[in-house]
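# Structure at a glance
One-letter residues, chain by chain:
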Amino acid sequence: MQTLALKYRPKNFSELIGQGVIADSLSHALDSGRLGHAYLFSGLRGSGKTSSARIFAKALLCENGISSHPCEICENCKMAALGRHLDIIEMDAASHRKIDDIRDLIEQTKYAPSSARFKIFIIDEVHMLTKEAFNALLKTLEEPPEYIKFILATTDPLKLPATILSRTQHFRFKPISKNDIIKHLEYILSRENIKFEPAALEILARSGSGSLRDTLTLLDQAIIYSREFVSGEFVSEMLGILDPKEIEHILEVVSTQNKSELSNLIKQLSNADAAMIIDELIANLKIKFVSENSKFPLLIFERFFRILSEAKNMLSSGFDPEFVLYITLFMMIEAFNITNIDEAIQHVKTTPNLLNLQPKNQPNLAQSPKPNPQTPPKNQPYKIFLDRIYDRNYELGKCFDECISFDSFENNTLKLISKASGENQILLRKSSSVIMQILHLCFGDDAKIQIEKAKISDDDSMDRLLKSIGISSKEPQQDQPDEDLQNKQNHLKINSNIEQLNQLFGEPKVVEES
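Residues numbered from 1 in each chain as written. Predicted model: local features only at pLDDT ≥ 70, side-chain atom pairs only at ≥ 80, totals over all residues. Heavy atoms only, no water.

## Focus: the overall build of the protein chain
Using the following cut-off: Segments assigned H or I by DSSP are reported as helices when at least four residues long, segments assigned E as strands when at least two residues long, and all are numbered from the N terminus. Only protein chains enter the area calculation, which uses a 1.4 Å probe; residues under 20% of their type maximum are buried, those over 50% are exposed, and those in between are partly exposed. Any two residues having at least one pair of non-hydrogen atoms within 4.5 Å are treated as being in contact. In these tables, accessible area is a Shrake-Rupley quantity obtained with a 1.4 Å probe, and a residue counts as shielded only by the protein chains included in the view.
For the protein chain, the count of helices and strands is 24 helices and 10 strands. Within the protein chain, the fraction of its 514 residues that count as buried is 38%. Considering only intrachain contacts with a sequence separation of at least 6, the fraction spanning at least 24 residues in the protein chain is 71%. When the accessible surface of the protein chain is totalled, it reaches about 31,500 Å², and 51% of it is carbon and sulfur.

## Description of the layout of surface pockets
Empty space among the atoms becomes visible once a probe the size of a water molecule is rolled across them. How we decide: The pocket and cavity definitions rest on a 1 Å grid over protein atoms only: a 1.4 Å probe that fits but cannot leave marks a cavity, an open set with protein on both sides within 12 Å along at least five of seven lines marks a pocket, and residues lining either have an atom within 4 Å of a point. Grid points are joined across faces, edges and corners, and a volume is the space filled by probe spheres set on the points.
Its volume calculated, the largest pocket comes out at about 660 Å³. Contributing to the lining of the largest pocket are 31 residues, with Ala-5, Arg-9, Pro-10, Ser-51 and Leu-212 lying nearest its centre. Mapped onto the lining of the largest pocket, the elements with two or more residues apiece are α1 (4-7), α3 (49-61), α8 (178-191) and α10 (212-225).

## Regarding the sheet that holds strand β1 (residues 38-43)
Here is the rule we go by: At least two bridges found by DSSP between two strands is the condition for calling them paired. The convention used is that axes are lines fitted to C-alpha atoms, helices contributing only their stretch in contact, and that angles between N-to-C directions extend from 0 to 180 degrees.
Taken together, five strands build an open sheet; the order of strands is β2-β3-β4-β1-β5 and the sheet is parallel. Lying at the two open borders of the sheet, with one neighbouring strand each, are β2 (88-92) and β5 (169-173). Across the sheet, the mean angle from the axis of one strand to that of its neighbour is 15°, orientation sign disregarded. Bridging between β2 and strand β3 (residues 119-124) involves five bridges; their strand directions are parallel. Counted as the bridge partner of Glu-90 is Ile-122 from β3. Strand contacts of helix α5 (residues 99-108): β2, β3 and β4 (148-154), with the helix running at about 165° to β3, the strand carrying the most contacts.

## Observations regarding a nonpolar patch on the surface
So the rule is basically this: Patch rule: a residue counts if its relative accessible area is over 30% and it has no salt bridge; like charges are joined within 9 Å, and nonpolar side chains (Val, Leu, Ile, Met, Phe, Trp, Tyr) within 5 Å. Between Lys or Arg on one side and Asp or Glu on the other, a salt bridge is scored when a side-chain nitrogen of the former is within 4 Å of a carboxyl oxygen of the latter.
Together, Phe-289, Val-290 and Leu-298 make up a nonpolar patch on the protein surface, roughly 340 Å² of accessible area in all. Among the structural elements, Leu-298 can be located in helix α15 (residues 298-316).

## Some remarks on the environment of Leu-158
Looking at the secondary structure, you find Leu-158 in the loop between β4 and α7 (162-165). C-alpha separation for the pair Leu-158 and His-127, spaced 31 residues apart in sequence, amounts to 8.4 Å.

## Quick word on the state of the cysteines
Defined as follows: Any pair of cysteine sulfurs within 2.5 Å is marked as a disulfide.
Under the criterion given, the structure shown has zero disulfides. Residue Cys-71 stays outside any disulfide, its sulfur separated by 3.4 Å from that of Cys-74, the closest cysteine. The class for Cys-71 is partly exposed, based on a relative accessible area of 21%. The cysteine Cys-403 is free of any disulfide, with Cys-399 supplying the nearest cysteine sulfur at 4.3 Å. With a relative accessible area of 6%, Cys-403 lands in the buried category.

## Let's talk about the side chain of Thr-140
Here Thr-140 shows up in helix α6 (residues 131-142). Judged by relative accessible area, which is 13%, Thr-140 ranks as buried. If sequence neighbours within four positions are ignored, Thr-140 has contacts with Ile-106, Thr-109 and Phe-150.

## What to know about the sheet that holds strand β8 (residues 404-410)
Judged by pairing direction, the sheet is mixed, and its three strands sit side by side in the order β8-β9-β10 without closing on themselves. Here the strands that pair on one side only, and so sit at the sheet edges, are β8 and β10 (448-453). On average, each strand axis in the sheet is tilted by 25° relative to the strand beside it, whichever way the strands run. In this sheet, β10 lies alongside strand β9 (residues 413-418) in parallel orientation, the contact comprising six bridges.

## A word on the packing of helix α19 (residues 380-392) against helix α20 (residues 394-403)
α20 packs onto α19 with a crossing angle of 145° between their chain directions and a minimal axis gap of 5 Å. The segment α19 lies against α20, with Tyr-382, Phe-385, Leu-386, Ile-389, Tyr-390 and Arg-392 engaging Tyr-394, Leu-396, Gly-397, Lys-398, Phe-400 and Asp-401.

## Remarks on the pairing of β3
This is how it is decided: Classification remark: right-handed applies to a crossover when, strands pointing away from the viewer, the course from the first strand over the helix to the second runs clockwise.
With five of six residues buried, β3 is to be regarded as a mostly interior element. Each parallel crossover has a hand, and for β3 linked through α6 to β4 it is right-handed.

## Here's the deal with the pairing of β1
Judged by how many residues are buried, β1 sits mostly within the fold: six of six residues are covered. The alternating pattern of β1 places Ala-38, Leu-40 and Ser-42 and Tyr-39, Phe-41 and Gly-43 on opposite faces, both of which are buried. Bridge count for β1 against β4 is five bridges, and the pairing is parallel. Across the sheet, the residue bridging to Tyr-39 is Ile-151, located in β4.

## With respect to the pattern of salt bridges
Per the stated rule, a full pass over the model turns up 15 salt bridges. When the shortest N-O distance is used, the salt bridge between Asp-214 and Arg-45 registers 2.8 Å. Remark: Arg-45 occurs in the loop between β1 and α3 and Asp-214 occurs in helix α10; sequence separation between them is 169 residues. Residue class for Arg-45 comes out partly exposed when judged on its relative accessible area of 40%. The shortest N-O distance in the salt bridge between Glu-143 and Lys-139 comes to 3.9 Å. Its relative accessible area of 54% is what places Lys-139 among the exposed residues.

## Remarks on unusual backbone geometry
The residue Gln-257 is not glycine, and still its phi comes out positive at about 60°. Mapped onto the elements, Gln-257 comes out in the loop between α12 (244-256) and α13 (259-268). Although it is not a glycine, Asn-411 adopts a positive phi angle of roughly 55°. Tracing the chain through its elements places Asn-411 in the loop between β8 and β9.

Purely spatial values, then, with no claim about function.
Next up, the structure:
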């Protein structure tokens, strides 16, 4: 009894599964007579490369003429279908990879076909040839006799020299989609009169990873293991993976955020393969994502994907698989507790800036008791502003304390009074950009600041003038043993300084009133 992969091998391009573009291209080439001398078929194992090469060779040799639909009844078609045609020469480059093997092949190209119009060479796994063998093949591959056709097949075209790629028509076989594989499995099982569950075919198609031959091999095994009733439970047990119902139960426990139940569930999964569970969770979530009635919002799917992707990275790095599974499932629970970005934006919009942007060490003004909550302290904005300045630059905050006083805060404009001079004034000028940043942070981008210079009284002006020439207008607080002596000394010092003033500004003039 033949295996399913051999029994249901495609016999023409219409039976080729999942490679419609390539089937149409090759069919058109045959029907229009636009034939090349060398073809390269590359793609995943079990995607139909060798089958397509044999179908193409049979179409070239059919006695009724070159056509995309060979008759299947002539001698050439029959012999080609059985793999016994003398003019179709298949060579496995994995076991015949040396230069001597290629020399023997080139020697055969010198002889005309025995019974057909072409002699066709199908070289499988051509990337396994040695460098010397490729070099020996180049000239013949570029300019073969008219009756010679080459069909090369490989799973790794990147290993082929550029000189080989440039001499062939390259057809890339893509992995077969899961839906196409499932439909083909349903067709085969119905022909074989074997009952099945759709969930079982879903698991088989996913496990085949786009290779139809690998999937059919697994189906052969599943039919034997399940005693000709292919169920999801038997297939899961055969492959060593969790039943889809158990994966669904894991997601239900995660969605309920019941940590104690999840801990018990993890203990039951201690003997299961952590990598397999994570792969099955990803597959299950993918199905839920594309379904119209998914119970998870988009943001949760995105968080789950990040968590599971990171788990796969940790497993590939050699971390303890069981502990990775623990962390992954508990992180999936925590994904539900993160605030939605829309909710966060709405919270910021509805919260006043003054209450929302307080420093960490500042007490919450909204919760602190106040005599009248409707009328906060007048200088409250300035306190918040000053605390922010202290957080950024302590020296600047101290300068504000010493030289700046609060006037008012109206129409989002902070009015201040400055008596800064000297080094303090220089520091404030250098820090203007920082001050504006803190102002906008506290009160918004449209906030403004208005600073007025403090009015200096006559006494203050005299004090500054006296200080500039070394006179202190205030009496010493200590070390005054003799008050009369001190007064005499001050009198002499003042007279001396007055003389200095007269020298600086000129003798005072007496203006007589008329």
